[in-house]
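These are the residues of each chain, in order.
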Amino acid sequence: HRIAFENLGAHNQDRVRKMIRGWAHDFSMRTQQSNSQGKAPVNEAGVDPTAYTVFCEQMPALIDDQLYFGRVMTIDGEVSGLTLAGKTAPDTAGLYVSLCRPRIRGASDCMIVDILDRLASFGISLLNFGGSEGQDLFKYKSKWQPAITIETHELEYVAPSWKRGV
């Protein structure tokens, strides 16, 4: 297989958007069929791909390899992954998106190595991976031997009955 990386831009955003929709469909089907492996819960509507395609629509003009970094992975010419990061401090970036087509062994690792190499070439040595919605994602992120792990908590807001008209 031939693996290549390029920056996200107007020239590839339609193909990336298509890959995101395919990823969302596949992810939704997998997690609806069996949610017993510590994966994030998905309702019957599945994953909303617009949560990711909005990045594809808004970010290409901002990718400058100074503040914003966007990388597209192709395998044998087919868009197979997207990684987006943004500089949050002089030596730190936050990982906004890291998606790849399922069932491609090692693809997500390749994408992380590519974005880490890219960031390092611009003087950024730390990458904030963000939270983990499930045990599987936490295990994946832990294998990179993070410099620090911070416990976080998710809050669910339930409006008081008087605000819901109950």
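Residues numbered from 1 in each chain as written. Predicted model: local features only at pLDDT ≥ 70, side-chain atom pairs only at ≥ 80, totals over all residues. Heavy atoms only, no water.

Participant: Is there a simple way to think about the sheet that holds strand β2 (residues 68-75) in this case?
Facilitator: Sheets are built from strands that pair by backbone hydrogen bonding, the pairs being arranged parallel or antiparallel. Sheet architecture is open: five strands sit in the order β1-β2-β3-β4-β5, paired in mixed fashion. Edge positions in the sheet fall to β1 (3-7) and β5 (126-128), since each has one partner strand and no second. Across this sheet, the average inter-strand angle for adjacent strands is 30°, counted without regard to direction. Taken strand by strand, helix α3 (residues 107-120) contacts β1, β2, β3 (78-89), β4 (92-100) and β5, and its axis lies near 140° from that of β2. (Pairing = 2+ DSSP bridges. Helix = DSSP H or I, 4+ residues; strand = E, 2+ residues; numbered from the N terminus. Axes fitted to C-alpha atoms, helices over the stretch in contact; angles between N-to-C directions. Contact = heavy atoms within 4.5 Å.)

Participant: What exactly am I supposed to notice about the environment of Asp 76 here?
Facilitator: Residue placement: Asp 76 occurs in the loop between β2 and β3. A residue is classified by how much of its surface remains accessible, and Asp 76, at 47% relative accessible area, is partly exposed. In the structure, Asp 76 is positioned 74 residues away from Arg 2 in sequence and 4.9 Å away in space, judged by C-alpha atoms. Beyond its immediate chain neighbours, meaning those up to four positions away, Asp 76 contacts His 1 and Arg 2. A polar side-chain atom of Asp 76 sits 2.6 Å from a polar atom in the side chain of His 1. Within the structure, the side chain of Asp 76 is placed 2.7 Å from the backbone nitrogen of Arg 2, a separation counted as a polar contact. (Buried < 20%, exposed > 50% of the residue type's maximum accessible area, 1.4 Å probe, protein only. Polar contact = N/O pair within 3.5 Å; in protein donor to acceptor, adjacent residues only side chain to side chain.)

Participant: Could you clarify how one ought to interpret the pattern of salt bridges in this entry?
Facilitator: Pairing is possible between side chains of opposite charge, provided their charged atoms come close. According to the stated counting rule, one finds six salt bridges in the structure shown. Arg 101 is the salt-bridge partner of Glu 78, the closest N and O atoms lying 3.5 Å from each other. A residue pair is termed long-range when its members are at least 10 positions apart, and Glu 78 in strand β3 and Arg 101 in the loop between β4 and α3 qualify at 23 residues. Of the residues examined, Arg 101 reaches a relative accessible area of 28% and is grouped as partly exposed. When salt bridges with common partners are traced through the structure, they connect Asp 14, Arg 17 and Glu 57 into a single cluster. (Salt bridge = Lys/Arg side-chain N within 4 Å of Asp/Glu carboxyl O.)

Participant: It is not clear to me how the side chain of Thr 83 should be interpreted in this structure. Could you clarify?
Facilitator: Checked against the element boundaries, Thr 83 lands in strand β3. The class for Thr 83 is buried, based on a relative accessible area of 2%. Once residues within four sequence positions are removed from consideration, Thr 83 is found in contact with Phe 69, Gly 70, Arg 71, Leu 95, Val 97, Ser 98, Met 111 and Ile 115.

Participant: Before we go on, may I ask you to explain unusual backbone geometry in this structure?
Facilitator: A negative phi angle is the norm for most residues apart from glycine, just as the trans form is the norm for most peptide bonds. Although it is not a glycine, Asp 65 sits at a positive phi angle of roughly 55°. Mapped onto the fold, Asp 65 is located in the loop between α2 (50-58) and β2. Exposure remark for Asp 65: the relative accessible area of 9% places this residue in the buried category. One non-glycine residue, Asp 76, adopts positive backbone phi at about 50°.

Participant: Hey, could you run me through the packing of aromatic side chains in this one?
Facilitator: Each pair of aromatic rings is reported with the distance of its centres and the angle of its planes. Per the stated rule, a full pass over the model turns up three aromatic pairs. Here the aromatic rings of Trp 23 and Tyr 52 are separated by 5.2 Å at their centres, their planes lie at 80°, and the arrangement is edge-to-face. You can see Trp 23 sitting in helix α1 (residues 13-33) and its partner Tyr 52 sitting in helix α2, a full 29 residues away along the chain. Judged by centre distance (5.8 Å) and plane angle (55°), the rings of Phe 69 and Phe 122 are tilted. One end of the pair, Phe 69, is in strand β2; the other, Phe 122, is in the loop between α3 and β5, with 53 residues separating them in the sequence. (Phe/Tyr/Trp six-rings, centres within 6.5 Å; stacked < 30°, edge-to-face > 60°.)

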